[in-house]
Amino acid sequence: MVRAMTRNDDVHTPAATHAVLFGGGGDLSMRMLLPALYHLCRDGLLPDGFGVIALARSSESREAFARRVREALEQRHGDSFDQPAFERFAARLDYLACDATDPEALKALGERLGDGARPLHFLATSPSLFAPITEAIGAAGLNGEGARLVIEKPVGRDLDTFRQTDARVRGVFGEAAVFRIDHYLGKETVQNLIALRFANAIFEPLWNSVSIDHVQITVAEAQGVGERWPYYDEYGALRDMVQNHMLQLLCLVAMEPPSSLEPDAVRNEKVKVLRCLRALQAGEARACSVRGQYVEGLVGAERADSYESERGQPSGTETFVALKAHVDNWRWAGVPFYLRTGKRLGDKRTEIVIQFRPVPHSIFEARGRGDMAANRLVIALQPDEDISLTLMNKAPSLERRMRLSRVELSLTRTLLAEAGGRRRIAYERLLLDAINGDSTLFVRADEAEAAWGWIDAVARAWAEAGLEPVPYAAGTSGPPQAFALMERDGREWHD
Ligand code: BG6
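Residues numbered from 1 in each chain as written. Predicted model: local features only at pLDDT ≥ 70, side-chain atom pairs only at ≥ 80, totals over all residues. Heavy atoms only, no water.

**Q** How would you summarise the environment of Arg-42 if you had to cite specific residues and measurements?
**A** Turning to its location among the elements, Arg-42 is positioned in helix H1 (residues 27-42). We classify Arg-42 as partly exposed; its relative accessible area is 22%. Residues Arg-42 and Asp-82 lie 40 residues apart in sequence; the distance between their C-alpha atoms is 8.4 Å. Engagement of the side chain of Arg-42 in a polar contact is seen with the side chain of Asp-43, the distance being 3.2 Å. (Helix = DSSP H or I, 4+ residues; strand = E, 2+ residues; numbered from the N terminus. Buried < 20%, exposed > 50% of the residue type's maximum accessible area, 1.4 Å probe, protein only. Polar contact = N/O pair within 3.5 Å; in protein donor to acceptor, adjacent residues only side chain to side chain.)

The following block contains the structure:
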């Protein structure tokens, strides 16, 4: 198996023949990647003869590894674990113990792959290994025609460090062969945003500053940081969630209609949005952003520790961020995008709220709060998927003065029925696309750079303004300052 160490720039090639999971015994592999591949295999979606090779340092037999995978799947599926499907999957599964940063050791991988293989290398490892492993893959000649590489955030901690790692990666694989995963793009409802906006003519004429008052994006988590603090403490909520997932959601809401669903048509539009984001200035950091960190509290009925005690010492890292962002272009001039994310909040909830403007002149007599509400489109991503539109309706009564009530048009049941009851792991979609060489749902280098550029400006503004995290009790909706941020603008979070 000899391949020149040339960059592979063209992935309009046949499907991959193998998935090679670097860090194959680790958490991401066991919890997400192997289950996702098993589901694809069970549903007959993997190409014929497709193999899965898990690579890790510890020596373990193929059989012992397959047993561990089986146990993880049994635990996940309980009674619905499908034994014959697992056997079909296990027949494709291989395990190789080796040091993946050593090109000599990787020759053994080349032998397993055999001639003419088109491997999809998935680096499910510590980010510090992305560049060394990629270079070893190149030196071992495993980056030839049809080979591709998948990496997941965090790539870098700011624009400079992103560029350093990315340059080394792209010295081995061309841009078309690099698949940067943002797992939010693999979620069904996130893709549904594209369908909602561009398959329904009724929204487009309203999708602008004339009709929309503001947009809210909330990604709330009930989980704390826990054991992940060594990673998290270096990144914080801004870099862990806003730089990637939240900005991707913002892009899908704000982008212009792409000319097609071709990868570059979509990604060109997203990168334009990122480049229109107004940089946060130190002078407005306090008015337009909030950093928070959880202290002890109650999540449900359970006592939850503070971040500081999980971390074992005081830390200046934020576990909560709220930001008021602006997309400076014709469509969105004057429409704020409020972003909010945090750990150890009351519940897990991801949603996008499009708040329309109120009617310009009301002919109805208002009888208190909420009697005459502006239309609102709520796109709920998790835990339940739903798209709902709030409309005003006449409340049935014979009163002389017409009374209004809010009603919601909700797609919950339709979405559930269409999904056939089972929600797919986001990685199923993404792995399948990477196997087939479709990069529409992956982040291009210029997108990642533009996102980092904006995040760097936020971090700089915070540093210059001396903005430290404020405390919020675990189990609440975040610090009061996040509510004040909205109230100052005469608005409120959708809670
Ligand atoms: C990851 C972050 O990218 O996304 C985690 O590193 C976060 O901190 C997770 O918990 C959230 O993903 P999901 O799919 O559970 O919303």
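**Q** Got a sec to walk through the pattern of salt bridges? Specific residues and values, please.
**A** Overall, the coordinates contain 40 salt bridges when judged by the stated rule. Measuring nitrogen to oxygen at the nearest pair gives 3.8 Å for the salt bridge that ties Arg-62 to Glu-63. Between Asp-213 and Arg-491 there is a salt bridge, with its nearest N and O atoms 2.7 Å apart. Here Asp-213 is found in strand S7 (residues 212-220), whereas its partner Arg-491 is found in the segment after helix H15 (480-487), with 278 residues between them in sequence. The class for Asp-213 is buried, based on a relative accessible area of 15%. Put simply, Asp-264, Arg-267, Arg-275, Arg-444 and Asp-446 are held in one network by salt bridges that share partners. (Salt bridge = Lys/Arg side-chain N within 4 Å of Asp/Glu carboxyl O.)

**Q** Please provide a residue-by-residue account of the packing of H1 against helix H2 (residues 62-77), values included.
**A** As a packed pair, H1 and H2 sit with axes 10 Å apart at the nearest point and diverge in direction by 85°. Between H1 and H2, the crossing angle belongs to the class labelled roughly perpendicular. Taken together, the residues of H2 that come into contact with H1 (itself represented by Met-30, Arg-31, Leu-34, Pro-35, Tyr-38, His-39 and Arg-42) are Phe-65, Arg-68, Val-69, Ala-72, Leu-73, Arg-76 and His-77. Across the contact of H1 with H2, the residue classes tally to eight nonpolar, two polar and four charged. (Axes fitted to C-alpha atoms, helices over the stretch in contact; angles between N-to-C directions. Parallel < 35°, antiparallel > 145°, perpendicular 65-115°, else oblique. Contact = heavy atoms within 4.5 Å. Nonpolar A, V, L, I, M, F, W, Y, C, P; charged D, E, K, R; others polar.)

**Q** For the site of the ligand, give the residues involved together with the corresponding values.
**A** Every residue lining the ligand is accounted for by Lys-153, His-183, Tyr-184, Lys-187, Glu-221, Arg-228, Asp-240, Met-241, His-245, Lys-343, Lys-348 and Gln-382. Within the side chain of Lys-187, one N or O atom sits 2.6 Å away from an oxygen atom of the ligand. Between Asp-240 and the ligand, the recorded distance is 2.6 Å, taken from a side-chain N or O atom to an oxygen atom. The greatest single-element share of the shell around the ligand, amounting to three residues, is contributed by helix H8 (residues 229-254). When grouped by side-chain class, the residues that make up the shell around the ligand number two nonpolar, three polar and seven charged. (Near = heavy atom within 4 Å.)

**Q** Could you give an account of the sheet that holds strand S4 (residues 119-123), with specific residues and numbers?
**A** If you walk across this open sheet you meet the six strands as S3-S2-S1-S4-S5-S6, and the pairing is parallel. Edge positions in the sheet fall to strand S3 (93-97) and strand S6 (178-181), since each has one partner strand and no second. Ignoring which end each strand starts from, the neighbouring axes of this sheet average 20° apart. Sheet topology places strand S2 (residues 51-56) next to S3; five bridges connect them, and they run parallel. Bridge pairing links Val-52 to Leu-93 in S3. Helix-sheet contacts for H1 involve strand S1 (18-22), S2, S3, S4 and strand S5 (148-152), and the interaxial angle to S1 is about 175°. (Pairing = 2+ DSSP bridges.)

**Q** Describe the confidence of the model for the chain, and please don't skip the residues or the numbers.
**A** For the chain, per-residue confidence averages 93 on the pLDDT scale, and 94% of positions sit at 70 or higher. In this model residues 1-11 is a low-confidence stretch, pLDDT under 50, and it forms 39 contacts with partners more than four residues away in sequence or in other chains. (pLDDT = per-residue confidence, 0-100.)

**Q** Pulling in residues and values, what's your account of the packing of helix H7 (residues 188-198) against H8?
**A** Between H7 and H8, the shortest axis-to-axis distance is 9 Å and the interhelical angle comes to 10°. The pairing of H7 with H8 is recorded here as roughly parallel in orientation. The segment H7 lies against H8, with Val-190, Leu-193, Ile-194 and Arg-197 engaging Leu-249, Leu-252, Val-253 and Ala-254. Grouping the amino acids of the contact of H7 with H8 by side-chain chemistry returns seven nonpolar, no polar and one charged.

**Q** Go over the packing of aromatic side chains, please, and point to the residues and values.
**A** Overall, the coordinates contain 15 aromatic pairs when judged by the stated rule. For the ring pair Tyr-294 and Tyr-307, a centre distance of 5.9 Å and an interplane angle of 75° mean the geometry is edge-to-face. Of the two residues, Tyr-294 is situated in strand S8 (residues 289-295) and Tyr-307 in helix H11 (residues 307-311); the sequence distance between them amounts to 13 residues. In this structure Tyr-307 comes out as buried when scored by relative accessible area, which is 0%. Through pairs of rings, three or more aromatic residues link up here, namely Tyr-232, Tyr-294, Tyr-307, Phe-320 and Tyr-472. Looking at Arg-344, its charged tip hangs above the ring of Tyr-294, at a distance of 6.0 Å from the centre. (Phe/Tyr/Trp six-rings, centres within 6.5 Å; stacked < 30°, edge-to-face > 60°. Lys NZ or Arg CZ within 6 Å of the ring centre and 35° of its normal.)

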